[in-house]
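These are the residues of each chain, in order.
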Amino acid sequence: MDLTVEPNLHSLINSTTHKWIFVGGKGGVGKTTSSCSIAIQMALSQPNKQFLLISTDPAHNLSDAFGEKFGKDARKVSGMDNLSCMEIDPSAALKDMNDMAVSRANSNGSDGQGDDLGSLLQGGALADLTGSIPGIDEALSFMEVMKHIKRQEQGEGETFDTVIFDTAPTGHTLRFLQLPNTLSKLLDKFGEITNKLGPMLNSFMGAGNVDISGKLNELKANVETIRQQFTDPDLTTFVCVCISEFLSLYETERLIQELISYDMDVNSIIVNQLLFAENDQEHNCKRCQARWKMQRKYLDQIDELYEDFHVIKMPLCAGEIRGLNNLTKFSQFLDKEYDPVADGKVIYELEDKE
Amino acid sequence: MGICTLPSLTASNSIKQRHTVEMAELTEAEKRRLLRERRQQKFSNGGASSRLNKITGQASSHLNAESPLDAPSIPTGTPVESSGVATPASKNDSSAAPQFDLLKQLAAMQGQGPGSGSGSPPDSSTPDLFSLLSSMNTGMPGAEGTPSLGQASPMAPINQAALDYHDYLLNKLKAWTILVKWVFFLLPYLFLLTRPNAAVWSAFAFAQSAWFAPLRNPSNFTTVFATFEFLSISIYYQLLKNVEHKSKIRNLQDTNKLVKLVSLVPEGMIPIPNLKGKIVTALQYWDLLSMLITDISFVLIMLGLLTYL
């Protein structure tokens, strides 16, 4: 049976089930432009829903992309009623959490618990923790982001139906998806210890007589719940962004394989900065022709390797894609694939950003 | 006479029409599911590495073409303990308990933050993922029960065979060391000390040379013996480490009851950092010390026998 896959994101843009959309790839391939374009198209096609575009890249670009300042509080994009943007630095948020915990521990020193937490957190113990469990720093950062989103919803009085993440180019954003497996092994080991020591361990852990095994299993169950959300293909998907060059293709393949190892759904690839020079008879630039020939070679490989993926081929525009108007013009080709002959003029129609 | 038809073309057209009809009957969800399965199939059973090989091969690249999807699932570089249970690296092992304590306390503190009380009802939009963790602050009773993990999982046959072989190598090394030391060095030396003029030495002319005079002098016994023991124990220790390095198995970690007892003590309870590591080091040195004591005992016994006879 031959299943043809449309070379556009029409089904994702009009999806009513997706809650989490991650957009990622290596640096300089157009992640931010692509994530902004996806967010704009979704907001335009579903005007009754609220969308949040959030950048977790410490080198934020959303403000530059839209030409207006965004911060860690969600703010609506000027000209759009149902699209908000937010820029948050997860590592800074994690550091704030650590500092907050330390200051709380110091102020709680009288009840005896403070020494325990303070001595754990001070002196870089948090760094020791994050360094030894793979994915834990990403998980803690991500939880901080989720908490922030929750606060925004409560502050704004409206909920976001879909959240689009413009991820950092490091590719470690979703490493925490393997955390439940890691936690399982650690919990098993810790369970072995608590089984052997029994009540003696609780008496050493201080007041409250907390059922440690129960709480740890609860933690594991909760982390598993998070993982279930992000591995449900109807709720979450990852859109890979690349360019038609060898290294980008290689990195994209590795990224896809890593995501598959996390059981994350990935079915769309955006290929940016394509020249389509064979249709550009008017200018006939020799350099562009040579470069387009190179791009075509890798495009053929992409078409062959990713025949079961939505491969969206986006053109290299004559100007920068900045500002809502330019992004809206550019983003239309995510919904309806770019035709170099019919749509060729659009790439020259981008407005100069003042 | 009927119209001349092309039966094969007609048949293939009807097959295509049937496929088109089948496709139209598929819902979007079913199409997505089928595509997902096809994608997963292409990345399984070595397909992932072959894809990377294809990419790097066509560009004549030296980049790594091993896929994480095709990598074996066993942990690499983890020494298998001689008791037969593979455990994580000692860094995680010794700090797992305080790490979880920290994680638990951090999660509890998150629950104390504004607007995220544990009593808030679950939200249907953005999932209240963090309140899931903050609910740990309420001291809920334990879950359905911890899995029964008190028993170690049975060792795989191949690992047990490796451990047995390792034990065999260690015993063999120890036996040969003792044999060589006692028979080829200590016994002749003691015989030379107690019977320097015995007829047997005429066959070994070098034993009567001036070079061996210090060895024949009983007052030098302590120096000679100590030097010999130092050299032999150093060589034995190096050979022991070579065997451990080749087989990637460490001794003493779980076979020793004292080490097992110490590993049960949570880090921080006893104000000695890395207590388990220190105990293991002490036991290693005890192993060498016991060899020295054995040699001294042998020397004493042989001296007694040679003197008496």
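Residues numbered from 1 in each chain as written. Chains lettered and ligands numbered in written order. Predicted model: local features only at pLDDT ≥ 70, side-chain atom pairs only at ≥ 80, totals over all residues. Heavy atoms only, no water.

Per an unreviewed UniProt entry, chain B carries the name Golgi to ER traffic protein 2 and comes from Saccharomyces eubayanus. Under Sequence similarities (unreviewed entry), UniProt gives the following word-for-word description of chain B: "Belongs to the GET2 family." The UniProt entry for chain B carries the following comment under Subunit (unreviewed entry): "Component of the Golgi to ER traffic (GET) complex, which is composed of GET1, GET2 and GET3. Within the complex, GET1 and GET2 form a heterotetramer which is stabilized by phosphatidylinositol binding and which binds to the GET3 homodimer." (UniProt positions renumbered as here; feature names shortened; annotations may be inferred.)

Labelled according to an unreviewed UniProt entry, chain A appears under the name Golgi to ER traffic-protein, originating from Saccharomyces pastorianus. The Subunit (unreviewed entry) field of the UniProt record for chain A holds the comment "Homodimer. Component of the Golgi to ER traffic (GET) complex, which is composed of GET1, GET2 and GET3. Within the complex, GET1 and GET2 form a heterotetramer which is stabilized by phosphatidylinositol binding and which binds to the GET3 homodimer. Interacts with the chloride channel protein GEF1." Annotation of chain A in UniProt includes, under Sequence similarities (unreviewed entry), the sentence "Belongs to the arsA ATPase family."

Pulling in residues and values, what's your account of the overall build of chain A?
Counting its secondary structure elements, chain A contains 13 helices and 8 strands. Evaluated residue by residue, chain A yields a buried proportion of 55% over its 354 residues. By sequence separation, contacts in chain A at least 24 residues apart represent 74% of the contacts at least 6 residues apart. (Helix = DSSP H or I, 4+ residues; strand = E, 2+ residues; numbered from the N terminus. Buried < 20%, exposed > 50% of the residue type's maximum accessible area, 1.4 Å probe, protein only. Contact = heavy atoms within 4.5 Å.)

I'd like a rundown of the overall build of chain B, residues and numbers included.
Looking only at helices and strands, one finds 10 helices and 2 strands in chain B. Helices and strands in chain B line up, N terminus first, as α-α-α-β-α-α-α-α-α-β-α-α. Going through the 309 residues of chain B one by one, you find that 29% of them count as buried. When the accessible area of chain B is evaluated, it comes to approximately 19400 Å², of which 65% is carbon and sulfur surface. (Areas by Shrake-Rupley, 256 points an atom, 1.4 Å probe, with all protein chains shown as cover.)

Account for the packing of helix H8 (residues 221-247) of chain B against helix H10 (residues 275-308) of chain B, naming residues and giving values.
All names here are of chain B. Packing of H8 against H10 leaves a shortest axis separation of 11 Å and a crossing angle of 140°. Between H8 and H10, the angle falls in the class oblique. Where H8 crosses over H10, the handedness of that crossing is right-handed. On H10, the residues touching Phe221, Phe225, Glu229, Ile233, Tyr236, Tyr237, Leu240 and Lys241 of H8 are Gln284, Asp287, Leu288, Met291, Leu292, Asp295, Ile296 and Val299. A class-by-class count of the residues in the contact of H8 with H10 yields 11 nonpolar, 1 polar and 4 charged. (Axes fitted to C-alpha atoms, helices over the stretch in contact; angles between N-to-C directions. Parallel < 35°, antiparallel > 145°, perpendicular 65-115°, else oblique. Left-handed = near helix turned anticlockwise from the far one by under 90°. Nonpolar A, V, L, I, M, F, W, Y, C, P; charged D, E, K, R; others polar.)

So, the pattern of salt bridges: which residues are in play, and what are the values?
Applying the stated criterion across every chain, the model contains 15 salt bridges over all chains. Measuring nitrogen to oxygen at the nearest pair gives 3.1 Å for the salt bridge that ties Asp303(A) to Lys313(A). With Asp303(A) in helix H12 (residues 286-305) and Lys313(A) in strand E8 (residues 310-315), this pair connects stretches of sequence that are 10 residues apart. A relative accessible area of 33% means that Asp303(A) is categorised as partly exposed. Assessed through its relative accessible area of 25%, Lys313(A) is described here as partly exposed. For Asp308(A), the salt bridge is made with Arg38(B), and the minimal N-O distance between the two is 2.7 Å. On the criterion of chain membership, the pair formed by Asp308(A) in the loop between H12 and E8 and Arg38(B) in helix H2 (residues 28-43) is interchain, its members lying in two chains. Connected through salt bridges with shared partners, the residues Glu307(A), Asp308(A), Arg38(B) and Lys42(B) form a single ionic network. (Salt bridge = Lys/Arg side-chain N within 4 Å of Asp/Glu carboxyl O.)

Describe the packing of H12(A) against helix H3 (residues 47-58) of chain B, and please don't skip the residues or the numbers.
Each pair of packed helices can be summarised by the angle the axes make with each other and by the distance between the axes. One can describe the packing of H12(A) onto H3(B) by two numbers: an axis separation of 12 Å at closest approach and a directional angle of 170°. Here H3(B) runs roughly antiparallel to H12(A), going by the angle between their axes. Residues Gln301(A), Glu304(A) and Leu305(A) of H12(A) form the contact with H3(B), whose own contacting residues are Arg51(B), Lys54(B), Ile55(B) and Gln58(B). Along the lines of polarity and charge, the residues of the contact of H12(A) with H3(B) split into 2 nonpolar, 2 polar and 3 charged.

Could you give an account of the UniProt feature "glycosylation site" (unreviewed entry) in chain B, naming the residues involved and the relevant values?
Residues and elements named next belong to chain B. UniProt's feature table lists "glycosylation site" (unreviewed entry) at Asn197 and Asn220, given in the numbering used throughout. Classification of asparagine 197 by relative accessible area gives exposed; the value is 71%. Tracing the backbone shows asparagine 220 in the loop between helix H7 (213-216) and H8. For asparagine 220, a relative accessible area of 25% gives the class partly exposed. Leaving out residues up to four positions away in the same chain, asparagine 220 has contacts with Tyr189 and Pro214.

Could you give an account of helix H2 (residues 31-45) of chain A, with specific residues and numbers?
Over its 15 residues, H2(A) extends 21 Å from the first C-alpha to the last, a length consistent with the 21 Å expected when each residue adds 1.5 Å. Extensive coverage of H2(A) is indicated by the burial of 13 of its 15 residues. (Expected span 1.5 Å × (residues − 1).)

Describe the sheet that holds strand E3 (residues 75-76) of chain A, with residues and values.
Across a sheet, paired strands are connected by hydrogen bonds in the backbone, their directions being either parallel or antiparallel. Residue and element names in this part refer to chain A. Taken in spatial order, the 8 strands make up an open sheet running E3-E4-E2-E5-E1-E6-E7-E8, and their pairing is mixed. Single-partner strands in this sheet number two, and they are E3 and E8. As judged from the 5 bridges shared by strand E7 (residues 266-274) and E8, these two strands associate in the parallel manner. Within E8, the residue paired with isoleucine 270 across the bridge is isoleucine 312. On top of the sheet, helix H11 (residues 246-261) reaches strand E1 (20-24), strand E6 (236-243) and E7; it is set at about 165° to E6, its chief contact. This element, H12, spans E7 and E8 of the sheet and lies at about 175° to E7. (Pairing = 2+ DSSP bridges.)

Account for a nonpolar patch on the surface, naming residues and giving values.
Residue and element names in this part refer to chain B. Together, Trp176, Leu179, Val180, Val183, Phe184 and Phe185 give the surface a local cluster of nonpolar side chains, amounting to about 600 Å² of exposed area. For valine 180, the location among the structural elements is in helix H6 (residues 157-194). When its relative accessible area of 32% is taken as the criterion, valine 180 is described as partly exposed. (Patch = residues over 30% accessible without salt bridge, like charges linked within 9 Å, V, L, I, M, F, W, Y side chains within 5 Å.)

Talk me through the packing of aromatic side chains; I want residue IDs and the actual numbers.
Under the definition given, this model contains 17 aromatic pairs over all chains. Considering the side-chain rings of Tyr165(B) and Tyr168(B), the 6.0 Å spacing of their centres and the 35° angle between planes classify their relative orientation as tilted. Separated by 3 residues within a single helix, Tyr165(B) and Tyr168(B) lie in helix H6, roughly one turn from each other. Overall, the relative accessible area of 45% leaves Tyr168(B) in the partly exposed class. With 4.2 Å between their ring centres and 5° between their planes, Trp182(B) and Phe298(B) make a pair best called stacked. Of this pair, Trp182(B) sits in helix H6 while Phe298(B) is found in helix H10, placing the two residues 116 residues apart along the sequence. Classification of Trp182(B) by relative accessible area gives partly exposed; the value is 22%. Here the aromatic cluster, defined as three or more aromatic residues joined through ring pairs, consists of Trp20(A), Phe22(A), Phe165(A), Phe230(A) and Phe238(A). (Phe/Tyr/Trp six-rings, centres within 6.5 Å; stacked < 30°, edge-to-face > 60°.)

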